[in-house]
Amino acid sequence: MISLDEPGLRALYDALDVLRRSDEPFDPRNDGAWRVVSVWARGRAPSRDRRHDDVVQETLLAIARYVREMDATTPRGAAKWATTILRRKQIDVLRQDAIDAVAKGLGEPDTSLETLNAEDPSVPPALLDAEHRRIESVVLAAIDESEPSAAVRLTRRSMARAAIYRLVLELEPDAIEARLALAEPVGKERLYKWIERGRAVVADAMRGWARAHPGEADVQAISAVVIELVEARRADAGKPRPERRKP
């Protein structure tokens, strides 16, 4: 977590403020500010990620594009704003890896880029739809193997499925309940509790899957994307998202 006492936090804010006030962020006169931002991004991006440089580059380009809209007035606010961008770009890079790996594995290279929105790179819904049964099967198998109690196993399966339907497929509550097809209505309050509790169940299963198949690129990429999706807490959580895909 970013601390108010973190060295360089004020320098980052000052650099972003310079860029925010500039008519042209890439003006050579802003080179000093960019050096500060670049050092920050390289230090924050996961160093073990083989796509580290891609994440940093995409983060810097996004900062250049949106810095004039930044409304932060404190070092901490500026750092949180920049961190949100960096995290989003990390997820985008992972998603692109998943698209490439799955398309290659399916022998359908045309499905990779044409369905991407240039403003909002993400896994095409059809691709996730095609893979969700595989993801669900892996998660449910992991639950069955690790949970000896039949009653607990049944509940954890419902939690995991709810989390996948909501956080990976982005279905609405009514569609989630329809897919769960339980004997009695779940209710939105209990459904949201299941989704929250199902996050860890899905993430753990995906990590186990990835460990079991270290040489399979599609497994590594898909599991990484699913983990990012189920563990992320959106900045707009609880707010209406009209663009959310309908079932």
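Before reading further, recall that the structure is shown in the block above.
All values reported here derive from a predicted model rather than from experimental measurement.

**Student:** For the packing of aromatic side chains, give the residues involved together with the corresponding values.
**Tutor:** Summed over the entire model, instances satisfying the criterion amount to 1 aromatic pair. Look at F26 and W34: their rings are 5.3 Å apart centre to centre, the planes differ by 15 degrees, and that puts the pair in the stacked class. Directly above the ring of Y165 sits R179, whose terminal nitrogen or CZ lies 5.5 Å from the centroid.

**Student:** Any chance you could break down the pattern of salt bridges for me, citing the residues and the numbers?
**Tutor:** Per the counting criterion, the structure on display carries 13 salt bridges. The partner of R20 in a salt bridge is D17, with the nearest N and O atoms 2.7 Å apart. Of the two residues, R20 and D17 are both situated in helix α1 (residues 9-21); the distance of 3 residues between them amounts to about one turn of the helix. Each member of the pair, R20 as well as D17, is classed as buried. With a closest N to O distance of 3.0 Å, R157 and D144 form a salt bridge. With a gap of 13 residues between them, R157 in helix α6 (residues 150-168) and D144 in helix α5 (residues 125-146) connect regions that are remote in the sequence. Overall, D144 belongs to the partly exposed group, its relative accessible area being 37%. Counted as one network, the salt bridges with shared partners bring together D17, R20 and R21.

**Student:** Describe in detail helix α9 (residues 217-231), supporting the description with residues and values.
**Tutor:** If you check α9, its first and last C-alpha atoms are 21 Å apart, about what 15 residues at 1.5 Å a residue would give, namely 21 Å. The element α9 is extensively covered by neighbouring structure, given that 11 of its 15 residues are classed as buried. Taken together, the buried positions of α9 are D218, V219, A221, I222, S223, V225, V226, I227, E228, L229 and V230.

Scoring rules and cut-offs
Residues numbered from 1 in each chain as written. Predicted model: local features only at pLDDT ≥ 70, side-chain atom pairs only at ≥ 80, totals over all residues. Heavy atoms only, no water. Phe/Tyr/Trp six-rings, centres within 6.5 Å; stacked < 30°, edge-to-face > 60°. Lys NZ or Arg CZ within 6 Å of the ring centre and 35° of its normal. Salt bridge = Lys/Arg side-chain N within 4 Å of Asp/Glu carboxyl O. Helix = DSSP H or I, 4+ residues; strand = E, 2+ residues; numbered from the N terminus. Buried < 20%, exposed > 50% of the residue type's maximum accessible area, 1.4 Å probe, protein only. Expected span 1.5 Å × (residues − 1).

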